[in-house]
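Residues per chain, in single letters:
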Amino acid sequence: MFVYTIKRLAVAIPTFIAVLLITFTLTVLSPFDPVAMMMTQFEGTLDTLAREEVIERIRDQYGLNDSYWVQFSRWIGRLVQGDLGISINGQRDVLRMIVKTFPISFQLGLAGAVVTTILGIPLGCIAALRQNTWLDYTIVGGTLGFRTVPVFVLAPLLLVLFVLVLDIMRVPRGWDGLFQSKVILPVFILALGPLPVVVRQTRAAVLEVFSMDYVRTAKMKGLEMWRIILRHILRNALIPVVTTLGFIAEGLIVGSIFLDSIFAIPGFGGVAEAGFRGFDYPVIMGVTMVSAIMIILTNLIVDLVYPFLDPRIKIE
Amino acid sequence: MSESSETVSNESLREELAGESALQTRSLWKDAVGRLLRNRLSVIGLIITLFLLVGALFGPYIAPYSYTEQDLLNVAKMPSPDHWLGTDEIGRDLFSRVLWGARTATLVAIFTTFISVIIGVVVGAIAGYGGPLADNITGRIIDIVMSVPGLLLAALIAVSIKEPVVTWAENIYDTTGFPLFADTTWLDLLVVFGGLAFVSWPGYARLIRGQIFSLREEQYIEAAKSVGVSELKIALRHLLPNAIGPVIVTLTFSFSSAMVLESSLSYLGIGVQPPQASWGNMIASNIGSWSYRPWLVAVPALTLAIVTLGINFLGDGLNDALNPRSKRSI
């Protein structure tokens, strides 16, 4: 087990370093000048000479005049100390911005993952048990639809439907903790994104287990159907569903980028969106790295947990 | 006596074979089309896709107004006979803009799919034929690209290459004076292509590599090898036709996801810039007013939702049609 863990880590860490390198290279290669953008707010207040000097001072302050490898090593050094830099728009500490907003998004994401599982596993089960009937097609086709319909399409459409057409809720805005009714719609929208992956995986797994000898034996013993499903099928079918966790994590992160501003949730995704809209490099880099860490970690955990769930998988 | 019975059985065998070959004239493709048209959802998907393509090709001729034309007497009006889907916050005809948006989305999807298929096939072939080391290296690169959420990476690339691309075009214009480079609107599209292609190719590379590895074990490939057919010929004559089914299915799905990614980038203000029409930036510029001008958000949003749904249904139908063995057991 120890060797296996080390091996998985040996794959995960270089992947992360490569992500760092890509992120950094992309932002450095771009001659887009954040300082010039910053200067637009002082437009007209500085004369040309002072302006040049101020720009040069700011460039030095951010170390933008150094060579690529100097900047990269300095950046890595700062990262190790937990310094993600200071945002260009608003001069705020990027790590603080992320640390402050991350717990909110994490709670929302966790709730979304729970809803996805609670909805996805029974739906996948039903689809498999009623294979090739209209119910199967409806479940698979219906959830497939949400696979690519993005959050920024779904959210306004559902808002219009629930608030304006059906008039059954007030506009859900803001964040007062997880156990509030205004959280229902955002969590539901988040959960719909990764739902089809869970449904399909469950359906395929149940179909496979269904043809196993022990299920046939249980049937022949005269066991009731629900007992067979709970005791024999689900137990074995749920193992492969664990592998979808990586997809779920990615779906939740991307979903929150759009969700946060629509529902005025002060979350991680909102920070990312503002970063992109403002070409705020330190923020964009911080957000990309944290997302990559989350996904790499999730996949690592899946890899490490899987042998315990399925002893047939040999630990090398 | 015994001889005649043998001829009879030979005769009947021949007849049987002839009957079989008559059956086989129903080719794989004809069969696939039949299966596709029998599936109701995929027919709906096909119709929606055709509508999209017609809208993208002939949109500018169908559209009653230009995408920038403002009707300042009718700003933010509900749908009416003059403006079928209403007008937006600065008086532009929504129906026309949705049609122009279809053109943007289709253009991006076609180019992105095209570029990423080429990269994916090349990388996949290197992984499949280049030996274990090449396979390992390409595999690691794919893992790295896939460990960052596609949208974030595409956005990061688009943000980073935007300025260099614009300066590059300006330089070309300065030296050559070529009128094409004076207009920078299409550069936005170029930036989007680049970002999207970079995040979409790993899917194809994995698919092609998998196909090469699994088909290589097939007996007909082994048979071809043993009679001395060259690797290249095997790849073109045997591998390619057998791998084309899964590739077409993946093409369909990635077509719709490229559209969604383009809209997402444009929604974030990175992709296609206003006044160019993209469903993403149309949603973005009106999302704040959804509660009192709902149609301005609902029209582009519904269009995007219906189109992606339709293409996905088509992809699902193609999957069943081109993979007769799977028979929906996924």
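Note: the structure precedes this text.
Residues numbered from 1 in each chain as written. Chains lettered and ligands numbered in written order. Predicted model: local features only at pLDDT ≥ 70, side-chain atom pairs only at ≥ 80, totals over all residues. Heavy atoms only, no water.

J.: I'd love a proper account of the overall build of chain A, names of residues and values included.
T.: The number of helices and strands found in chain A is 14 helices and zero strands. N-terminal to C-terminal, the α/β element order of chain A is α-α-α-α-α-α-α-α-α-α-α-α-α-α. Taken along its principal axes, the extent of the C-alpha atoms in chain A is 90 × 60 × 30 Å. Put simply, chain A has 316 residues, and 46% of those count as buried. (Helix = DSSP H or I, 4+ residues; strand = E, 2+ residues; numbered from the N terminus. Buried < 20%, exposed > 50% of the residue type's maximum accessible area, 1.4 Å probe, protein only.)

J.: Explain unusual backbone geometry to me, using residue names and the numbers behind them.
T.: Residues and elements named next belong to chain A. Although it is not a glycine, Ala-264 sits at a positive phi angle of roughly 55°. Mapped onto the elements, Ala-264 comes out in the loop between α12 (245–262) and α13 (268–277). Overall, Ala-264 belongs to the partly exposed group, its relative accessible area being 30%.

J.: Help me get a handle on the nonpolar core, residues and values and all.
T.: If you look at the biggest cluster of nonpolar residues, it comprises 136 residues, and the most contacted ones within it are Val-153, Ile-189 and Phe-263 of chain A together with Trp-279 of chain B. If sequence neighbours within four positions are ignored, Val-153 of chain A has contacts with Ile-283, Ala-301, Leu-304 and Ala-305 of chain B. The next biggest cluster of nonpolar side chains, apart from the first, holds eight residues, and it includes Leu-36, Leu-314, Ala-321 and Leu-322 of chain B. (Core = buried A, V, L, I, M, F, W, Y, C linked by side-chain atoms within 4.5 Å. Contact = heavy atoms within 4.5 Å.)

J.: Would you mind going over the interface of chain A and chain B in detail, with residue names and values included?
T.: In this complex, chain A contributes 53 residues to the contact, which on the side of chain B involves 49 residues. Buried area between chain A and chain B, both sides added, is near 4,400 Å², and the carbon and sulfur share of it is 76%. Along the contact surface separating chain A from chain B lie one salt bridge. Notably, a salt bridge pairs Asp-316 of chain B with Arg-200 of chain A, separated by 3.2 Å at the nearest N-O pair. Residues belonging to the side of chain A that touches chain B are distributed by class as follows: 35 nonpolar, 12 polar and six charged. (Buried area = accessible area lost by both parts, 1.4 Å probe. Salt bridge = Lys/Arg side-chain N within 4 Å of Asp/Glu carboxyl O. Nonpolar A, V, L, I, M, F, W, Y, C, P; charged D, E, K, R; others polar.)

J.: Explain the pattern of salt bridges to me, using residue names and the numbers behind them.
T.: All names here are of chain B. Counted by the stated rule, this structure contains nine salt bridges over all chains. One salt bridge in this structure joins Arg-209 and Asp-135, with 2.6 Å as the shortest N-O distance. With Arg-209 in helix α7 (residues 185–216) and Asp-135 in helix α5 (residues 131–146), this pair connects stretches of sequence that are 74 residues apart. Relative accessible area serves as the criterion here: at 31%, Arg-209 is assigned to the partly exposed category. Relative accessible area serves as the criterion here: at 16%, Asp-135 is assigned to the buried category. Look at the salt bridges and you will find they share partners, linking Arg-140, Asp-143 and Arg-206 into a network.

J.: I'd like a rundown of the packing of aromatic side chains, residues and numbers included.
T.: Evaluated as defined, the whole model comprises eight aromatic pairs over all chains. On the basis of an interplanar angle of 80° and a centroid distance of 5.6 Å, the ring pair of Phe-102 of chain A and Phe-268 of chain A is categorised as edge-to-face. In this pair, Phe-102 of chain A sits in helix α5 (residues 94–129) while Phe-268 of chain A sits in helix α13, placing the two residues 166 residues apart along the sequence. Judged by relative accessible area, Phe-102 of chain A falls into the partly exposed class, the value being 22%. Through a chain of ring-to-ring contacts, the aromatic side chains of Phe-24, Trp-69 and Phe-72 of chain A assemble into a single cluster. The ring of Tyr-267 of chain B has Arg-277 of chain A lying over it, and the distance from NZ or CZ to the ring centre is 5.5 Å. Taking the ring centre of Phe-213 of chain B as reference, the NZ or CZ of Arg-216 of chain B above it sits at 4.9 Å. (Phe/Tyr/Trp six-rings, centres within 6.5 Å; stacked < 30°, edge-to-face > 60°. Lys NZ or Arg CZ within 6 Å of the ring centre and 35° of its normal.)

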